[in-house]
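Coordinates in review
Below are the chains, spelled out letter by letter.
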Amino acid sequence: MNDILSSEKLIIQYLEFLIAEDFHTSCDLSDEIIFTENIMSGKIMIVENFSEQISHDVILKNYLEIIIININLKLITIEDMHRTLRN
């Protein structure tokens, strides 16, 4: 099974942790992103489904978009997320 799909909770926890650390606020992202299959490649991808609250905060929106892109490109791995959350 694809690492991203099998680690949905970890990814959401990781993103929420980063927001708490960098923005000093808590945010529930469980409804803010979707895990879906890319029809062409068959790979599982994270897709933004940002609410107005996040969409209106341009800095937070851009921040999350960059992290999500890096996760989709596997520049941030599941192991990286585990290491970050352990520290």
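We now turn to the structure provided with this report. Being a predicted model, the structure only gives us computed values, none of them experimental. (Residues numbered from 1 in each chain as written. Predicted model: local features only at pLDDT ≥ 70, side-chain atom pairs only at ≥ 80, totals over all residues. Heavy atoms only, no water.)

1. What about the packing of aromatic side chains?
Taken as a whole, this structure holds one aromatic pair when the rule is applied. Considering the side-chain rings of Phe23 and Tyr63, the 5.0 Å spacing of their centres and the 80° angle between planes classify their relative orientation as edge-to-face. Of this pair, Phe23 sits in helix 2 (residues 8-23) while Tyr63 sits in helix 4 (residues 58-72), and the two are 40 residues apart along the sequence. (Phe/Tyr/Trp six-rings, centres within 6.5 Å; stacked < 30°, edge-to-face > 60°. Helix = DSSP H or I, 4+ residues; strand = E, 2+ residues; numbered from the N terminus.)

2. A short note on unusual backbone geometry
Within the chain, His24 stands out as a residue other than glycine whose phi angle is a positive 55°. Positionally, His24 belongs in the loop between helix 2 and strand 1 (33-37). With phi around 65°, Lys74 is a residue other than glycine that occupies positive phi space. In this fold, Lys74 is placed in the loop between helix 4 and helix 5 (78-86).

3. With respect to helix 2
Its 16 residues give helix 2 an end-to-end C-alpha distance of 22 Å, which sits within 8% of 22 Å, the value for a rise of 1.5 Å per residue. In the stretch just after helix 2, His24 is the one whose phi turns positive, near 55°. (Expected span 1.5 Å × (residues − 1).)

4. Some words on the packing of helix 2 against helix 4
Across the interface, helix 2 lies against helix 4 with an axial gap of 11 Å and an inter-helix angle of 140°. Our classification of the angle between helix 2 and helix 4 gives oblique. For the pair helix 2 and helix 4, the crossing hand works out as right-handed. Contact with helix 2, carried on its side by Ile11, Tyr14, Leu15, Leu18, Ile19, Asp22 and Phe23, involves Ile59, Leu60, Tyr63, Leu64, Ile67, Ile68 and Ile71 of helix 4 and no other residues of that element. Classifying every residue of the contact of helix 2 with helix 4 gives 13 nonpolar, no polar and one charged. (Axes fitted to C-alpha atoms, helices over the stretch in contact; angles between N-to-C directions. Parallel < 35°, antiparallel > 145°, perpendicular 65-115°, else oblique. Left-handed = near helix turned anticlockwise from the far one by under 90°. Contact = heavy atoms within 4.5 Å. Nonpolar A, V, L, I, M, F, W, Y, C, P; charged D, E, K, R; others polar.)

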